[in-house]
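Observations on the model geometry
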Amino acid sequence: MIRRPPRSTLFPYTTLFRSRDRTLSSIILNEIDFETIPNSTEKGWYLLRLGGFYREFGDYPKAIQIFHEALKYTYNDPKLLASIQNNIGWVYLFHNPKENVNEAINLFEKSNKICFEHNYLNIVGMNYNNLGIAFERKNRYKISKDYYLKSLKITESETTRNPSVAGKSYRNLGLIHEEKKEFDQAIELYGKALKLYDEFYDTQSIGETLFFISKILFIKKLIQESLNTCLEAQKFLLDKKHGYYLSETHLLLIEIFLKTNSPQYLATHLFRLMETSAYVDWNYHQFTVSRFIKIIDFIAINYSKKVALAITSIVIQEWQKNEYLTQLPLVNFMEENIIPELSDSKYWISKGSETYHIIESNCNAKKWTNVAIFGECNLIDSLKLCKKCSNYMKKER
């Protein structure tokens, strides 16, 4: 557990640290005069929590800057130093991980060295879990799994129990098994994680883990169970509006409704997919726009251009109702590219086969190739196109 400064000076910042509301947190942050805090370890702990605030909301460069500032005030407080090293390492795992993963490992090991000297086993448990993530980033799954198990030995021990970190370790073990397509083992581990998250009602982690389970159920063709679990995941993610996984639940629901031939639900979830992606970051939003285009193509082919145009129009109408969203160029892009292209393109099924053509009615190619509709999230079956049309899709999309 992180050591707390006296309540009289800490209370406003404790409220800030526990709040996941950006506006409320910013107001509280502005009320704290950090210049009045003495240059002592107390200031270091304040700065550690301040960096944690920026980390929670994804401003990783700012978090790292503040954590490094906190290092100036560690003095003779080894627990503060070990905690800061743990936090900087954690940020490195998610901020440019390919470049920073080795430095993250180095920081976790430095932190553990201090913790073993002073018996700070709670921090060791966190470091082991984070080392598991680090080696998973390097695709060294056996080492990663060993670290998660080491973490669980500490975080499930009676004297050093930490259900939050234990839940993360079980979930991370589940991700390894999911990656290896060992789906039953993954679901079992996700279930253990959920029980731990439920102890302190961690809505973000509950929602994310339910989403992982719903993806597996979809792959196993348990469509109704996948739908129910995904909707349950959304309830928890909506509680605090966590962007990335909330956005991904909408993508999965779109795939479910396409699979179950339920086009009446597509417009709502396509809009929500685009809306939530806009609140994550620009790169993710752009990636989601490319997925939106492929989904609209899929709808045009499998239903009709009329349906695809109607859904696109609804998304545009809903988008224009939000002042923040109207600042983004999505509507112009749709009106200038997607709608005209849908109006001009000719989608049809060739006679006697399930092969689709999308360029022109006299496309007589005989060789077929598969094109993934959803890119990296290829849960829906790939689309079979002739080679000529496939090359067109790859070039234009």
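Heads up: the structure comes first, above all this text.
Let us look at the structure shown here. Please read these numbers as outputs of a predicted model, since none were measured by experiment. (Residues numbered from 1 in each chain as written. Predicted model: local features only at pLDDT ≥ 70, side-chain atom pairs only at ≥ 80, totals over all residues. Heavy atoms only, no water.)

In terms of helices and strands, the protein chain carries 18 helices and four strands. Here the protein chain holds 397 residues, and 50% of them are scored as buried. Taking the contacts inside the protein chain whose residues are at least 6 apart along the sequence as the reference set, 57% of them involve residues at least 24 apart. Surface summary for the protein chain: the accessible area is close to 20,300 Å², and the carbon and sulfur share equals 50%. (Helix = DSSP H or I, 4+ residues; strand = E, 2+ residues; numbered from the N terminus. Buried < 20%, exposed > 50% of the residue type's maximum accessible area, 1.4 Å probe, protein only. Contact = heavy atoms within 4.5 Å. Areas by Shrake-Rupley, 256 points an atom, 1.4 Å probe, with all protein chains shown as cover.)

Right, let's talk about the packing of helix α13 (residues 243-259) against helix α14 (residues 266-278) for a bit. Running from N to C, α13 and α14 cross one another at 155°; their axes reach a closest spacing of 8 Å. Relative to α14, the element α13 is oriented roughly antiparallel. In this structure, α13 meets α14 at a crossing whose hand is left-handed. Counted together, Gly243, Leu246, Ser247, His250, Leu251, Leu253, Ile254, Phe257 and Leu258 of α13 and Leu266, His269, Leu270, Arg272, Leu273, Thr276 and Ser277 of α14 form the full contact between these two elements. (Axes fitted to C-alpha atoms, helices over the stretch in contact; angles between N-to-C directions. Parallel < 35°, antiparallel > 145°, perpendicular 65-115°, else oblique. Left-handed = near helix turned anticlockwise from the far one by under 90°.)

Turning our attention to the environment of His250. Mapped onto the secondary structure, His250 falls in helix α13. The buried category is assigned to His250, whose relative accessible area is 7%. Considered as a pair, His250 and Thr276 are 26 residues apart in the sequence and their alpha carbons are 8.9 Å apart. For His250, the contacting residues outside a window of four places in its chain are Gln234, His269, Arg272, Leu273 and Thr276.

As a further point, take the nonpolar core. Of all hydrophobic cores here, the largest spans 99 residues; its most connected members are Leu270, Phe292, Ile295, Ile296, Ile299 and Trp319. In this view, Ile296 contacts Leu270, Ala308, Ile311, Thr312, Ile338 and Leu342; residues no more than four positions away in its chain are not counted. (Core = buried A, V, L, I, M, F, W, Y, C linked by side-chain atoms within 4.5 Å.)

The subject of this paragraph is the packing of aromatic side chains. Applying the stated criterion to the full structure yields 16 aromatic pairs. Here the aromatic rings of Tyr73 and Tyr75 are separated by 6.4 Å at their centres, their planes lie at 65°, and the arrangement is edge-to-face. Residue Tyr73 is classed as buried on the basis of its relative accessible area, which comes to 11%. A residue is classified by how much of its surface remains accessible, and Tyr75, at 48% relative accessible area, is partly exposed. Among the aromatic side chains, those forming a connected cluster through ring pairs are Tyr190, Phe211, Phe212, Tyr244, Tyr245 and Tyr284. The ring of Trp90 carries Arg55 above its face, with NZ or CZ at 4.6 Å from the centroid. (Phe/Tyr/Trp six-rings, centres within 6.5 Å; stacked < 30°, edge-to-face > 60°. Lys NZ or Arg CZ within 6 Å of the ring centre and 35° of its normal.)

To continue, consider the pattern of salt bridges. For the coordinates displayed, the defined rule picks out 12 salt bridges. Residues Arg55 and Glu56 are paired through a salt bridge, measuring 3.7 Å at the closest nitrogen-oxygen approach. Residue classification places Glu56 among the partly exposed positions, given a relative accessible area of 36%. Put simply, Glu199 and Arg161 hold a salt bridge, and the shortest N to O gap is 2.6 Å. Of this pair, Glu199 sits in helix α10 (residues 183-199) while Arg161 sits in the loop between α8 (141-155) and α9 (163-179), placing them 38 residues apart in sequence. (Salt bridge = Lys/Arg side-chain N within 4 Å of Asp/Glu carboxyl O.)

Even without being glycine, Tyr75 reaches a positive phi, approximately 45°. Along the chain, Tyr75 turns up in the loop between α4 (60-70) and α5 (78-94). With a phi angle near 60°, Lys181 is a residue other than glycine that sits in the positive phi range. Within the secondary structure, Lys181 sits in the loop between α9 and α10.

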